[in-house]
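Now for the letters of each chain:
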Amino acid sequence: MLSDFELNNINGGAVRWGVYAILGVAISLIAGILDGYFRPLKCN
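A few points on the structure. It should be emphasised that the depicted structure is a prediction, and the values quoted were computed from it without experimental measurement. (Residues numbered from 1 in each chain as written. Predicted model: local features only at pLDDT ≥ 70, side-chain atom pairs only at ≥ 80, totals over all residues. Heavy atoms only, no water.)

### Details of the overall build of the protein
For the protein, the helix and strand inventory stands at two helices and zero strands. Structurally, the protein occupies a C-alpha span of about 65 × 20 × 10 Å along its principal axes. Within the span of the protein, comprising 44 residues, buried residues form 0% of the whole. Accessible area of the protein: about 4,600 Å², with a carbon and sulfur share of 68%. (Helix = DSSP H or I, 4+ residues; strand = E, 2+ residues; numbered from the N terminus. Buried < 20%, exposed > 50% of the residue type's maximum accessible area, 1.4 Å probe, protein only. Areas by Shrake-Rupley, 256 points an atom, 1.4 Å probe, with all protein chains shown as cover.)

### Observations regarding the pattern of salt bridges
Taken as a whole and assessed by the stated rule, the structure comprises one salt bridge. With a shortest N-O distance of 2.8 Å, Asp35 and Arg39 are connected by a salt bridge. (Salt bridge = Lys/Arg side-chain N within 4 Å of Asp/Glu carboxyl O.)

### Let's talk about the packing of aromatic side chains
Taken as a whole, this structure holds two aromatic pairs when the rule is applied. Pairing Trp17 with Tyr20 gives two aromatic rings, centres 6.0 Å apart and planes at 85°, and the pair type is edge-to-face. In this pair, Trp17 and Tyr20 are both assigned in helix H2 (residues 14-38), three residues apart and thus about one turn of the helix distant. Since its relative accessible area comes to 47%, Tyr20 is described here as partly exposed. (Phe/Tyr/Trp six-rings, centres within 6.5 Å; stacked < 30°, edge-to-face > 60°.)

### A look at the environment of Gly24
Within the fold, Gly24 resides in helix H2. For the pair Gly24 and Gly12, spaced twelve residues apart in the sequence, the C-alpha separation amounts to 21 Å.

### A few points about the environment of Leu7
Within the element layout of this structure, Leu7 appears in helix H1 (residues 4-8). The exposure class of Leu7 is partly exposed, given its relative accessible area of 46%. Through-space distance from the C-alpha of Leu7 to that of Leu41 is 55 Å; in sequence the pair is 34 residues apart.

So this is what it looks like as C-alpha cells:
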C-alpha cells in the first residue's frame, strides 16, 4: 500500500495529451483559415 506522501507524488500523463490536443486543434484551425483564404469557394 502507498503512503500519503507517495500518493501525492504520482505524476499523471493527462497534461501531455492535453498539449497534443491543443496543438492539433491549432494546426487544423490554421490550415482551415489558410485554405479558405487561398481557395475561397462559394456556398451552394
